[in-house]
Amino acid sequence: MRARLNEMIQIMTQTPNSEVPTAERLQTSEAWWNAVRDRDRGADGKFVYAVRSTGIYCRPSCPSKKPRRQQVEFYSLPEAAEQKGFRACRRCKPREVRLRDPRTAAVARVCRAIEARIESDGGGTTESENEARLTLNALGSSVRMSPHQLERAFRSVMGISPRQYADAQRMRRLKAKLKKGDDVTTALYDAGFGSSSRLYERAPSQLGMTPATYRQGGAGMQIHYTIVGSPLGRLLVGATHRGISALYLGKDDVALQSALRKEYPRAEINRDRNGLEGWVEKILEHLRGREPNLDLPTDVQATAFQRRVWEELRKIPYGTTRTYSQVARAIGRPKAIRAVARACATNPVSVVVPCHRVVRQDGDLAGYRWGVELKQSLLKQESEHRQAKSSLVPKH
């Protein structure tokens, strides 16, 4: 029963509509899962579901093979799923479904208006001119909503503001152009950024590195990796001769391999266990609770801010947690709570850099790249091992 409740809580922490009370959200997710399980055509247009292992999102009636429950996330809109990096299913074409809820449909129209504006303007106008055309007044009038109504509806459905959505679309366009090989100057203007200074202000938090480094995509790195079984499922460890570059947890080898190539698209990557045995064994011993202090070298692409956060995370004692605000204060940036959360989310070497030990102020686990259920398991195991070890210490 508790495992089932934890599973439901995990699903709901991924549902964008955070304004809905927890009990109601739990009930909604259960109903949505039943619709997916039954391939209910009547639920098409009410929501979409995304599968973490494939990176695809579908309409509820999609005839494709039914996913495992723990792999599924729910979203009110296709755009919300795409905002999280999922791609539309080519078989069921969820973007072509007519939305049932008028407010959700209005938000969808606004999303597409933003996308169309950024796509059409690109380098033809400055970022400030783009923003002037994407004001709440202008967007709201197109769907007959006041600015306040639109802001509230948009945040309820998407979890972010219209302006944040526009920023994300510009950044997505920039990433695509950099990966294609465009030079930074061309890419930034084509993506709608008015100046390089505006881009470099946002790049560390949204790209995870400078645009030039992102464009390189790990170019020049030689990464060899292996995948083994662990107490928490499948474990991928990738490394260069300098240190560990990737530590991923999951249930599907193909998905883990895909994540590695996506993280380092231009690196030379080979599956080769030679030279990794010592590090892999230490990681496995750590996951079994036998090696609390995991001090391994890393070789990752990161900004100065990310490195400061990750170094601070490695100071968190085994079996304990810190809040995002505590970490922000520890690095001397008390107001950078969201940036700290982003640094945790972009950490490519989970466990070695223990981002799972950071939680919200109210104790909520928040998100985790490999799933909240896995984060909960890690924290529970570490706490139990620490308590067991302390109980063995003789009392005077």
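Refer to the structure above for everything that follows.
Keep in mind that what you see is a predicted model, and the values were worked out from it rather than measured. (Residues numbered from 1 in each chain as written. Predicted model: local features only at pLDDT ≥ 70, side-chain atom pairs only at ≥ 80, totals over all residues. Heavy atoms only, no water.)

Colleague: Help me out: how do you make sense of the overall build of the protein chain in this one?
Modeller: Scanning the protein chain for helices and strands turns up 17 helices and 10 strands. Each of the 396 residues in the protein chain was classed as buried or not, and the buried ones make up 51%. Summarising the internal contacts of the protein chain: among those between residues at least 6 apart in sequence, 63% fall at separations of at least 24. When the accessible surface of the protein chain is summed, it comes to about 19,800 Å², and 48% of that surface belongs to carbon and sulfur atoms. (Helix = DSSP H or I, 4+ residues; strand = E, 2+ residues; numbered from the N terminus. Buried < 20%, exposed > 50% of the residue type's maximum accessible area, 1.4 Å probe, protein only. Contact = heavy atoms within 4.5 Å. Areas by Shrake-Rupley, 256 points an atom, 1.4 Å probe, with all protein chains shown as cover.)

Colleague: How should I be thinking about empty space enclosed by the protein in this particular structure?
Modeller: It is a probe the size of a water molecule, rolled over the atoms, that shows where empty space is left. Taken as a whole and judged by the stated rule, the model has 1 cavity of 30 Å³ or more. In terms of lining residues, the largest cavity is bounded by Gly45, Phe47, Val48, Arg59, Pro78, Pro94, Val97 and Leu99. Taken together, the residues of the lining of the largest cavity break down into 6 nonpolar, 1 polar and 1 charged. (1 Å grid on protein atoms, 1.4 Å probe; cavity = no way out; pocket = protein on both sides within 12 Å on 5 of 7 lines; lining within 4 Å. Points joined across faces, edges and corners; volume = space filled by probe spheres on them. Nonpolar A, V, L, I, M, F, W, Y, C, P; charged D, E, K, R; others polar.)

Colleague: Would you explain the sheet that holds strand β1 (residues 48-51) in this entry?
Modeller: Two orientations exist for strands paired in a sheet by backbone hydrogen bonds: parallel and antiparallel. A sheet is described by the order of its strands in space; here 4 strands give the open sequence β3-β1-β2-β4, paired in mixed fashion. Two strands close off the open sheet at either side, each with one partner strand: β3 (72-75) and β4 (87-88). Sheet analysis places β1 next to β3, joined by 4 bridges and oriented antiparallel. Along β3, the bridge assignment pairs Tyr49 with Phe74. (Pairing = 2+ DSSP bridges.)

Colleague: Honestly, the pattern of salt bridges in this entry has me stumped. Any pointers?
Modeller: Pairing is possible between side chains that carry opposite charge, provided their charged atoms lie close to one another. This structure, assessed with the given rule, holds 19 salt bridges. We note a salt bridge from Asp299 to Arg242, for which the minimum N-O separation is 3.7 Å. Of the two residues, Asp299 is situated in the loop between α13 (277-287) and α14 (304-313) and Arg242 in the loop between β6 (233-239) and β7 (244-250); the sequence distance between them amounts to 57 residues. On the accessibility criterion, Arg242 (56% relative accessible area) is exposed. Between Arg360 and Asp364 there is a salt bridge; the shortest N-O distance is 3.3 Å. (Salt bridge = Lys/Arg side-chain N within 4 Å of Asp/Glu carboxyl O.)

Colleague: Hey, could you run me through the packing of aromatic side chains in this one?
Modeller: The relation between two aromatic rings is expressed through the spacing of the ring centres and the mutual angle of the planes. Applying the stated criterion to the full structure yields 6 aromatic pairs. Judged by centre distance (5.8 Å) and plane angle (65°), the ring pair of Trp32 and Phe74 falls under edge-to-face. One end of the pair, Trp32, is in helix α2 (residues 22-38); the other, Phe74, is in strand β3, with 42 residues separating them in the sequence. A ring pair is formed by Phe154 and Tyr165, whose centres lie 5.9 Å apart and whose planes are at 65°; its orientation type is edge-to-face. Taken together, the residues Phe154 in helix α7 (residues 147-158) and Tyr165 in helix α8 (residues 162-180) connect sequence positions 11 residues apart. Residue Phe154 is classed as buried on the basis of its relative accessible area, which comes to 0%. For Tyr165, a relative accessible area of 1% puts it in the buried group. An aromatic cluster of at least three residues, connected via ring pairs, comprises Trp32, Phe47 and Phe74. (Phe/Tyr/Trp six-rings, centres within 6.5 Å; stacked < 30°, edge-to-face > 60°.)

These figures capture arrangement, not role.
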